[in-house]
Amino acid sequence: MKREKGSVAIIGGGINGMFCAYYLLKLGYKVTVIDRNRKGLTSRNNAGLLQPSLAPAPEMSYTDIIKASTVGLGPVYISPRQIAKNVPWFVDALKNRKSKEDHFLIYLGQRSLELYSQFFEKEGVDADVIKGVATLFKERDDAKAFADLHDARFISKEKIHKLGYRNFGGGAMFDRELSINPMKLFDGVKTLIKSMGAQMLLGHGARFNIRGAEISSVQVGKTRINADNYLAASGSWLNELLKNLDYNPMIIPARGMVFLFSTGDRRIVSVPSLIEPEGIAIAQHSDNLLRATSFFEFKGIDGEFDYKRRRWMLDAVKEHISKFSSMRVIYSGYGFRPCTPDQVPVIGRVPGYSNLFIAGGQCRSGVTLAPLTGKIISSLIEGKKPSIKHLEKMSPKRFVG
Ligand SMILES: Cc1cc2nc3c(=O)[nH]c(=O)nc-3n(C[C@H](O)[C@H](O)[C@H](O)COP(=O)(O)OP(=O)(O)OC[C@H]3O[C@@H](n4cnc5c(N)ncnc54)[C@H](O)[C@@H]3O)c2cc1C
């Protein structure tokens, strides 16, 4: 294909970096994606729920926060050391714990879902898409209130039992929201952008070289990669990547565990769901593969999960899946959600640099928001105004000064 638009070098080949590459390639840009990880991490190890209604993080009281930093087991864990290391982040997060931006986040998710439909239809990437996702509650009244709030369909205890789950009082069914197999999506998008001409430099850490108020190149070992524009899409490592540029996007990692189970060629659950009390997501994407993921742990970039926490999670899965005895763990891994303190992504031009953009901070909705992120970044690099309401809310400038 003839390239007329110039070139873009992207540091970070997670799902957001790759969707940015996809839309840029479609516009005719020459794109290089650099990632130090060959196989992908967070963008493969996640729940794969494309669920705009879950974009806002649940509200936490002060008591919840104290409990989360003292008790090691539960949906949320906050290590006191992380609080000490990131005081401004936690102060900001406390101020924003009743997020004013819930509607905005849901709007972004819905716009991105429209792009996913077009993407799957046009590109034929097979990610085992399932339509319809449930959120399940212990108490019937909580489920009813949640369903009413989000215009979802209430489902009864009996119905939930038929879907393969147990010990719930009720649920909210989101018929239009999706679940995908994140590993298949990630691998599919990667293969697609390669076939569209993206250069992929995997297994190499990179940094930006600066010349005055612009980026002059990307340094990968001894090699320099020159481009017209640059994109920082390094997920939970964005603070670190942009440190020498004197810009802090205020992103810290909220890690989560992933278990894959073989199910002995049986469909064990028929609808993907978020188990609300424990914050565990469950999805079965094929006759022999079920995924379970855990919620937020603020422990920094740390891949060690102690035995107690793994046990806690497996016990919770056991409590809520009727045919747990047919399941066998075949994989365990983890990922790091890149979270801002106000829960809003950071998308736009990096303050102080004319040719550097950032796409990050999508936190628990990074897969959901990836196509929209790519669409916005490609428009901005092209010098066009993205057709999105309140783009300024995601401005990287909000963390300056
Ligand atoms: C357990 C769990 C469940 C989740 N469930 C969902 C869900 O159901 N729905 C949803 O929408 N989202 C979910 N998420 C969130 C989602 O996975 C993330 O928001 C998303 O994957 C972030 O993508 P990214 O491309 O921004 O970052 P990443 O996937 O983290 O990619 C960043 C990449 O940058 C690379 N990198 C970093 N620094 C450098 C460097 N200096 N040089 C070169 N490369 C570098 C890293 O190796 C990494 O591959 C979940 C996350 C977790 C952990």
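Thresholds, definitions, all that
- Residues numbered from 1 in each chain as written.
- Predicted model: local features only at pLDDT ≥ 70, side-chain atom pairs only at ≥ 80, totals over all residues.
- Heavy atoms only, no water.
- Core = buried A, V, L, I, M, F, W, Y, C linked by side-chain atoms within 4.5 Å.
- Buried < 20%, exposed > 50% of the residue type's maximum accessible area, 1.4 Å probe, protein only.
- Helix = DSSP H or I, 4+ residues; strand = E, 2+ residues; numbered from the N terminus.
- Near = heavy atom within 4 Å.
- Polar contact = N/O pair within 3.5 Å; in protein donor to acceptor, adjacent residues only side chain to side chain.
- Areas by Shrake-Rupley, 256 points an atom, 1.4 Å probe, with all protein chains shown as cover.
- Nonpolar A, V, L, I, M, F, W, Y, C, P; charged D, E, K, R; others polar.
- Domains from an automatic or database assignment.
- Patch = residues over 30% accessible without salt bridge, like charges linked within 9 Å, V, L, I, M, F, W, Y side chains within 5 Å.
- Salt bridge = Lys/Arg side-chain N within 4 Å of Asp/Glu carboxyl O.
- Lys, Arg positive; Asp, Glu negative; His and termini not counted.
- Charge placed at Lys NZ, Arg CZ, Asp CG, Glu CD.
- 1 Å grid on protein atoms, 1.4 Å probe; cavity = no way out; pocket = protein on both sides within 12 Å on 5 of 7 lines; lining within 4 Å.
- Points joined across faces, edges and corners; volume = space filled by probe spheres on them.
- Pairing = 2+ DSSP bridges.
- Right-handed = clockwise from strand over helix to strand, strands pointing away.
- Contact = heavy atoms within 4.5 Å.
- Buried area = accessible area lost by both parts, 1.4 Å probe.

1. Overview of the nonpolar core
Counting 55 residues, the largest nonpolar core has Ile-10, Phe-19, Leu-108, Tyr-116, Phe-119, Leu-185 and Ile-193 as the members making the most contacts within it. For this core, the elements supplying multiple residues, two or more each, are β1 (7-11), α1 (15-27), β2 (30-35), α5 (102-123), α8 (182-195), β8 (199-202), β20 (356-360) and α11 (370-382). Cys-339, Val-350, Ile-358 and Phe-399 belong to the second-largest nonpolar core, a separate cluster that totals 38 residues.

2. What to know about the site of the ligand
Lining the immediate surroundings of the ligand are 37 residues, of which Asp-35, Ser-43, Leu-49, Cys-363 and Thr-368 lie closest. Contact between the ligand and Arg-36: a nitrogen atom at 3.1 Å from a main-chain N or O atom of the residue. Between Asn-46 and the ligand, the recorded distance is 3.4 Å, taken from a side-chain N or O atom to an oxygen atom. Relative to its unbound accessible area of 1000 Å², the ligand is 97% covered by the protein chains. Of all elements in the fold, only α1, β2 and β18 (328-339) reach the threshold of two or more residues within the shell around the ligand. It is β18 that provides the largest number of residues to the shell around the ligand, a total of 4 residues. A class-by-class count of the residues in the shell around the ligand yields 13 nonpolar, 20 polar and 4 charged. Two domains each provide a minimum of three residues to the shell around the ligand, namely domain 1 (1-57 + 99-129 + 180-249 + 342-401) and domain 2 (61-98 + 130-176 + 252-339).

3. Quick look at a negative patch on the surface
Together, Glu-139, Asp-141, Asp-142 and Glu-276 make up a negatively charged patch on the protein surface. By relative accessible area, which is 33% here, Glu-276 ends up partly exposed.

4. What to know about empty space enclosed by the protein
If a probe as big as a water molecule is rolled over the atoms, it shows which places are left empty. Applying the stated criterion to the full structure yields 2 cavities of 30 Å³ or more. Empty space within the largest cavity amounts to approximately 70 Å³. If you go around the largest cavity, you meet 11 residues; those closest to its centre are Ala-55, Gln-343, Gln-362, Cys-363 and Arg-364. Residue classes in the lining of the largest cavity are distributed as 6 nonpolar, 4 polar and 1 charged. Quantified by volume, the second largest cavity comes out at close to 30 Å³. Lining the second largest cavity, in full, are Leu-108, Pro-345, Ile-347, Leu-369, Leu-372, Thr-373, Ile-376 and Met-394. No other element matches the 3 residues that α11 contributes to the lining of the second largest cavity. Tallied by class, the residues present in the lining of the second largest cavity amount to 7 nonpolar, 1 polar and no charged.

5. Description of the pattern of salt bridges
Overall, the coordinates contain 22 salt bridges when judged by the stated rule. Taking the shortest distance from any N to any O, the salt bridge between Glu-123 and Lys-122 comes out at 3.7 Å. Using a relative accessible area of 22% as the deciding quantity, one classes Glu-123 as partly exposed. Between Lys-138 and Glu-319 there is a salt bridge, and its shortest N-O distance comes to 3.9 Å. Residue Lys-138 is found in the loop between β5 (130-137) and α6 (140-149), and its partner Glu-319 is found in helix α10 (residues 307-320); the two are separated by 181 residues along the sequence. Taking the relative accessible area as the measure of exposure, Glu-319 reaches 30% and is therefore partly exposed. The network of salt bridges with common partners includes Arg-255, Glu-297, Lys-299, Asp-302 and Arg-309.

6. Describing the pairing of β2
With 5 of its 6 residues buried, β2 lies for the most part within the structure. Direction of pairing for β1 relative to β2: parallel, over a ladder of 5 bridges. When the bridges of β2 are listed, Val-8 appears paired with Val-31. With α1 bridging β1 and the parallel β2, this β-α-β connection has right-handed handedness. Judged from the 4 bridges that link them, β2 and β8 form a sheet pairing that is parallel. Among the inter-strand pairings, Val-33 is bridged to a residue of β8, identified as Met-200.

7. What about the domain arrangement of the chain?
We note that the domain assignment places domain 1 (1-57 + 99-129 + 180-249 + 342-401) and domain 2 (61-98 + 130-176 + 252-339) within the chain. When each unit is reduced to the centre of its C-alpha atoms, the spacing between domain 1 and domain 2 is 26 Å. With 30 residues of domain 1 at the interface, the matching set in domain 2 holds 33 residues. When the two sides are added together, the surface that domain 1 and domain 2 hide from each other amounts to roughly 2600 Å², 60% of it contributed by carbon and sulfur. Contact with domain 2 buries area across many residues of domain 1, yet Asn-45, Ser-236 and Cys-363 alone supply 20% of it, more than any other trio. Counting every contact that joins domain 1 to domain 2 gives 0 salt bridges. The interface formed by domain 1 and domain 2 holds 10 residue pairs in polar contact (both at pLDDT 80 or more) in total. Those elements that place two or more of their residues in the side of domain 1 that touches domain 2 are α5 and α8.

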